[in-house]
Amino acid sequence: MVIPVHDVNPVRRTPVVTYALIAANVFVFLFMPGLSGSTAGDSSLAQTCHLHAFLEHYAAVPRELIHHQLPQLVPTGEVRGAGCLLAPPGYDKSPALSVLSAMFLHGGWLHLLGNMLFLLIFGNNIEDRMGHVRFAVFYVACGYAASYGFALVNADSTDPLIGASGAIAGVLGAYLVLYPKARVWVLVPFLVFLPLRLPAWLVLGFWFVLQAVYSSGEGVSGAGTVAYAAHVVGFLAGMLLAWPLKPGTPPPPEPRGLLFGRRARPRHTW
C-alpha cells in the first residue's frame, strides 16, 4: 500500500552489518540454481527439478522443524519422465541450521528487492543503536523466532520456507519501539505515486496490521504463498528484544538543508 524510500533519521556509524547482509542476500540469490529461468517464465523441467532439489536441501520446512521428520525421498535435481527424480537424500540436513540458510534465499526479484529495501532503510538505525555484533545476533534471533513461530501454526506443512522477511520484520518492530516519531518518506500509489512524509509509527503500524489481517486469510486467497504469520512473529520478537533499549534511545534529529524541495526545521521536543 505504501513504499518507503527514505527515513529522516541519521546514523552515527557506518552500518557495515546491514550492508553485508544485503550483499550476502543478493550474492546467494544470483547463484540459486534454476531461479533465473523460472522467474522469467521460461523455466525448463530440468531447471525446476534443480531448484526443487536445492530448496529441499537448504530451505526450512515446518514439518522438519517441529517433528524432526526428514523425508525419505527428495528431488535429486534430475528429470525422470514428466517429473523430477526422487531418491533417498545423499546429505545430512539439520532442520535448525536450515532456518539460517533459508534466511538468505528468495523466490524472485521482487521478493529480494522488497526485503532489501526495508532492510536498507530501517536496518541502519537499529544497527547504529545496538552496535554491529548485537545487531547481527538480533537479526538472526528474529529470523529464528519468525520461522519457528510460523512452523508452530503450520506444523504439518512440507512447503519450503525461504526469505529474510521474518528477520527484517524484527528490524521493523525494533524501529517502531525505538524511533516511533522518526519521519519516513513513502510513495503512496494514488493514480500516480505521491511522496508523503509520515511518522514511523503510522507506516510500520499499518504494515503490521496488514500482515496480521493477511495471516488470518482475510484479503488474500488462502493467505497466498507468503508466510504472513512469520512476519507477525518476527515483528513482535523485534519489539520485545528492542524494548530494553528504549529508555536510552535519543530522538532522531532532523537533518539540516533541503529535503524533497522543503527546508527541514529543527525539532526541539518529541
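Residues numbered from 1 in each chain as written. Predicted model: local features only at pLDDT ≥ 70, side-chain atom pairs only at ≥ 80, totals over all residues. Heavy atoms only, no water.

Colleague: Before we move on, could you go through the packing of helix α7 (residues 132-153) against helix α10 (residues 228-242) and cite the residues and values that matter?
Modeller: Working note: a packed helix pair is described by the angle between its axes plus the distance between those axes. One way to put it is that α7 packs onto α10 with a least axis distance of 8 Å and a crossing angle of 140°. Taken together, α7 and α10 sit at an angle that is classed as oblique. The two elements α7 and α10 cross, and the hand of that crossing is right-handed. Contacts between α7 and α10 involve Phe-138, Ala-141, Cys-142, Ala-145, Ala-146, Gly-149, Phe-150 and Val-153 from the former and Ala-229, Ala-230, Val-233, Gly-234, Ala-237, Gly-238 and Leu-241 from the latter. Along the lines of polarity and charge, the residues of the contact of α7 with α10 split into twelve nonpolar, three polar and no charged. (Axes fitted to C-alpha atoms, helices over the stretch in contact; angles between N-to-C directions. Helix = DSSP H or I, 4+ residues; strand = E, 2+ residues; numbered from the N terminus. Parallel < 35°, antiparallel > 145°, perpendicular 65-115°, else oblique. Left-handed = near helix turned anticlockwise from the far one by under 90°. Contact = heavy atoms within 4.5 Å. Nonpolar A, V, L, I, M, F, W, Y, C, P; charged D, E, K, R; others polar.)

Colleague: Residue-level account of the pairing of strand β3 (residues 83-87), with values.
Modeller: Pairing of strand β2 (residues 74-80) with β3 involves four bridges; the strand directions are antiparallel. Looking at the pairing, Val-74 lines up with Ala-87 of β3. In this structure, the hairpin formed by β2 and β3 is closed by a connection of two residues, where Gly-81 is found at a positive phi of approximately 65°. (Pairing = 2+ DSSP bridges.)

Colleague: Provide a residue-level description of helix α6 (residues 109-130), including the pertinent values.
Modeller: Taking 1.5 Å per residue, 22 residues should reach 32 Å; α6 reaches 30 Å between its end C-alpha atoms and fits that length. Directly beyond the C-terminal end of α6, a positive phi value near 95° is found at Gly-131. (Expected span 1.5 Å × (residues − 1).)

Colleague: Before we move on, can you summarise the confidence of the model for the protein chain with the specific residues and values?
Modeller: Looking at the protein chain, pLDDT values average 86 and 85% of them are 70 or higher. Predicted confidence for residues 36-42 stays below pLDDT 50, and this span has nine contacts to residues more than four positions away or in other chains. Counting interchain partners and residues more than four positions distant, the pLDDT-below-50 stretch residues 257-270 has 23 contacts. (pLDDT = per-residue confidence, 0-100.)

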